Amino acid sequence: MYIVPEMLLNANEWYEADTQRKIQDLMDYGARNIRLVNDLNLTANVDDGDYAGYTVIDRDLQFGLNGHTMSIVSKGVKIVNNADVLFQNGTLLTDSTPKPTADMVYGDYAVSVGEFCTLSLETVKMYTNRSAVFMDGKAATLNVTADSEIRAGGYYGVGTNVNGTTDFGVMITVKYSKIVAGMKNGICDSNPQDDASRYGVAVLLNVPGTLKVEKSSYLAGYTQGVIVRDGIAIMENSTVEVLGTNATLGQYVTADAGSPHAAWGKGYNVPNAAIVIGTYHTGTEGNYLYQAHTEAVLRNVTVKKNNAASAYVVMHNDGEASSAATLTFDTLTAMKTPGKDDYKTGELVTTCPADQSKLEIWDERA
């Protein structure tokens, strides 16, 4: 039987837990480093209020999963109160199996990172049948490192949401890791067939912030790999891929690179491409929240697609100096088409005309 200690525990020591009750007791008595000794489920720890039905983490914690699986069987995890949370060496599930069933939940996120909070995954495999990580507030930070992997059956591997001036300073870092979104029945490899009911974006950045991808990382989504509607994305020595197509996205860009038929919408309602930068609107739909300075920098990045209907990179803005879109990439950055062994540059970008759009190419080998 577990005995609750009579005094505060040493915050620097590691303590073992085999049940959620023991985890909660250790947290309540000051433990900050908790190591699992078996697989376990995390149920809701809040019964009422805004977080009813969720598992809430409101303090700094390190979870050593120790090769075990932690299954989230509540509505999801909320990280709040400036907490820094680290998961190491194991598996996180938000349903009973790492392969989502056909009965998917697309509309919500498995984990929400609140303002001034940090979530770090180190050597962790995270599987979810919904969207995975939501950056929910200013200065929210996510670190996905050390051969971690996020596989999301929902629309977003990592996502943000425009909310006026309250969300800014978001930081997303991916090193030696993978993020894949838009799985179907657990399948997350490429599917070149059009699927009008399927969407998926590895990372959506539409608030002021920074996305940094480096060190042989891999970002892939069914309809977009990365969408940058605000902030700056710096990608180095990595791969970004669009896995499939969805005919409903054809309305947003024409084959002759003229002006798009329709204003770009929210979320994944933008062109089908490995990388999408900037915005396009007609002035009538009121999506002016997306008028922001946007920049993407690619260094030695392989940009891939699996269908001729998809684009490698689509960049656009509406000609406002305050919302210029800029893409800079070196000559080591290349595109890779199915069935071809050669890598080449020069056909990387499809851009719709706009006075303030800027494209730069440079050769660091010179």
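Everything here concerns the structure above.
Cut-offs used in this document
Residues numbered from 1 in each chain as written. Predicted model: local features only at pLDDT ≥ 70, side-chain atom pairs only at ≥ 80, totals over all residues. Heavy atoms only, no water. Buried < 20%, exposed > 50% of the residue type's maximum accessible area, 1.4 Å probe, protein only. Helix = DSSP H or I, 4+ residues; strand = E, 2+ residues; numbered from the N terminus. Contact = heavy atoms within 4.5 Å. Salt bridge = Lys/Arg side-chain N within 4 Å of Asp/Glu carboxyl O. Phe/Tyr/Trp six-rings, centres within 6.5 Å; stacked < 30°, edge-to-face > 60°. Lys NZ or Arg CZ within 6 Å of the ring centre and 35° of its normal.

(A) Just helix H1 (residues 20-28), in detail. Those residues of H1 that fall on the buried side of the exposure criterion are Gln20, Ile23, Asp25, Leu26 and Met27. Packed against the buried residues of H1 are strand E1 (14-17), strand E2 (33-36), strand E3 (40-42), strand E5 (61-64) and strand E6 (69-72). Just downstream of H1 lies Gly30, where phi reads positive at about 95°.

(B) Local environment of the pattern of salt bridges. All chains considered together, the criterion is met by nine salt bridges. The partner of Glu214 in a salt bridge is Lys175, with the nearest N and O atoms 3.6 Å apart. Of the two residues, Glu214 sits in strand E18 (residues 209-214) while Lys175 sits in strand E15 (residues 170-175), which places them 39 residues apart along the sequence. Owing to a relative accessible area of 9%, Glu214 belongs among the buried residues under this scheme.

(C) Structural detail: the packing of aromatic side chains. Tallying each qualifying case throughout the model produces eight aromatic pairs. Centre to centre, the rings of Tyr109 and Tyr156 are 6.3 Å apart; their planes meet at 10°, and the pair counts as stacked. Linking Tyr109 in strand E9 (residues 109-114) with Tyr156 in strand E14 (residues 156-159), this pair joins segments that are 47 residues apart in sequence. Across the pair, exposure class does not vary: Tyr109 and Tyr156 are buried alike. A centroid spacing of 6.1 Å and a plane angle of 80° characterise the contact between Tyr155 and Tyr199, whose relative ring orientation is edge-to-face. Of the two residues, Tyr155 sits in the loop between strand E13 (149-152) and E14 while Tyr199 sits in the loop between strand E16 (178-181) and strand E17 (201-205), which places them 44 residues apart along the sequence. The exposure class assigned to Tyr155 is partly exposed, which follows from its relative accessible area of 21%. Grouped by ring-pair contacts, the aromatic residues Tyr109, Phe134, Tyr155, Tyr156, Tyr199 and Tyr268 constitute a single cluster. Between the NZ or CZ atom of Lys78 and the centre of the ring of Tyr54, over which it lies, the distance is 4.7 Å.

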